[in-house]
Amino acid sequence: MRRKLAAGNWKMNGTGDDLAMLKDLAGAHSDPGCEILICPPAPLIHRAATTLQGSAITIGGQDCHPRTTGAHTGDTSAAMLVDAGARYVITGHSERRADHGEQDADVRTKTTTALEAGLQVIVCLGESLAQREAGNTLDVIGAQLSASVPDGVTGKTVVIAYEPIWAIGTGKVPTLAQIGEVHDFIRARLKDRFGAQNGQSFRLLYGGSVKPGNAAEIFAVPNVDGALVGGASLGVADFSPIIAALLGAS
Ligand code: PEP
C-alpha cells in the first residue's frame, strides 16, 4: 500500500504571519490517515517546523543546491534543510527549470545530494503546452524520468510528481484520461527500470491547478497517490478539503 501524500508548495509566498495557518491546518488534521507536507520558502522552514512540532504535518524545502557546501552565494544545501527541520525537498520544479535553467542532469545531482543528506525527494516532471500539442508528452516525460531520477533509488525515499507546465497556476487541468495515461506510463517505466516491486512502491503525485472542486475526481484516477498543490495550499479553506478528498480516495 502506498501512503497517500498531500504536498503544498508555497513557492515565494508567505512570511512569519502566515505560519498561523499551519496551526489551523494541524488542528484540522490531527490524525490524517495520509501524509501532509508543506514546503514553505527557505527562511520559514525552521519556524514552520517548530510550529508544527508534535503535529502530523511534515515540512520540506522547495530546492537544494547540488553540492554539499561551498562558495554558492544565496543557495541552500540539503544538510541545511535537514538542520532547519525539513524532511523532504522538491527537485526539478518547472519554475526552477525555467527561472534558473536547471537541466535534468542538475535535477539528478540535486536528488542524489538530497537523498545522501537524508531527505525524501519529490522529483517533478512535466511537458509544455507545445510539447503536448505536438503529441510528444510521453516522450518528454520518459526522457525527464530517465535523466532526472538517479539510479538505485527506491519508492521509500523518492516521489515522482507529474506537473504539466501549462496546468501550473493557470486553472487549466488535463482530462482525467490524460492524467491517467501519464501516471500509468510513469508507473510502467519505474517498474521496467527499478523492478516490479520497487517500481510499484513509488508514490506518483499529480500537480497543476488542483483545487477543492477537482481534487476528488483526480484522486480517483489509478496511480494518482496524491497531489503537489501550489496556490490552493496557501490557505486552510482550500487545502483542507483537498486533504479530505485524498482521504476519501484511500
Ligand atoms: C505547483 O507549483 O507545483 C503547482 C502545482 O501550482 P498550482 O497548484 O498553483 O497550479
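Structure: see above.
For the structure given in this document, a descriptive report is provided here. (Residues numbered from 1 in each chain as written. Predicted model: local features only at pLDDT ≥ 70, side-chain atom pairs only at ≥ 80, totals over all residues. Heavy atoms only, no water.)

Notes on unusual backbone geometry
Part 1 of the argument: The residue lysine 11 is not glycine, and still its phi comes out positive at about 50°.
Part 2 of the argument: Locating lysine 11 in the fold gives a position in the loop between β1 (5-9) and α1 (20-28).
Part 3 of the argument: Although it is not a glycine, serine 209 adopts a positive phi angle of roughly 60°.
Part 4 of the argument: Looking at the element boundaries, serine 209 is found in the loop between β7 (203-207) and α10 (212-219).
Part 5 of the argument: Take serine 209: its relative accessible area is 8%, and that puts it in the buried class. (Helix = DSSP H or I, 4+ residues; strand = E, 2+ residues; numbered from the N terminus. Buried < 20%, exposed > 50% of the residue type's maximum accessible area, 1.4 Å probe, protein only.)

So, the state of the cysteines
Part 1 of the argument: With the rule as written, the count across this model stands at zero disulfides.
Part 2 of the argument: Among the cysteines around cysteine 39, which has no disulfide bond, cysteine 124 carries the closest sulfur, lying 9.3 Å off.
Part 3 of the argument: Here cysteine 39 falls in the buried class, since its relative accessible area comes to 0%.
Part 4 of the argument: For cysteine 64, which is in no disulfide, the shortest distance to another cysteine sulfur is to cysteine 39 and amounts to 12 Å. (Disulfide = S-S within 2.5 Å.)

Some thoughts on the pattern of salt bridges
Part 1 of the argument: Taken as a whole, this structure holds 12 salt bridges when the rule is applied.
Part 2 of the argument: The partner of glutamate 95 in a salt bridge is lysine 11, with the nearest N and O atoms 2.8 Å apart. Taken together, the residues span a long stretch of sequence, with glutamate 95 in helix α4 (residues 94-100) and lysine 11 in the loop between β1 and α1 at a distance of 84 residues.
Part 3 of the argument: Across the pair arginine 203 and glutamate 35 runs a salt bridge whose closest N-O atoms are separated by 2.7 Å. Here the residue arginine 203 occupies a position in strand β7, and glutamate 35 occupies one in strand β2 (residues 35-39), the gap between them amounting to 168 residues. Summarising the burial analysis for this pair, arginine 203 and glutamate 35 share the class buried.
Part 4 of the argument: One connected set of salt bridges, linked through shared partners, spans Asp63, Arg96, Glu102 and Lys110. (Salt bridge = Lys/Arg side-chain N within 4 Å of Asp/Glu carboxyl O.)

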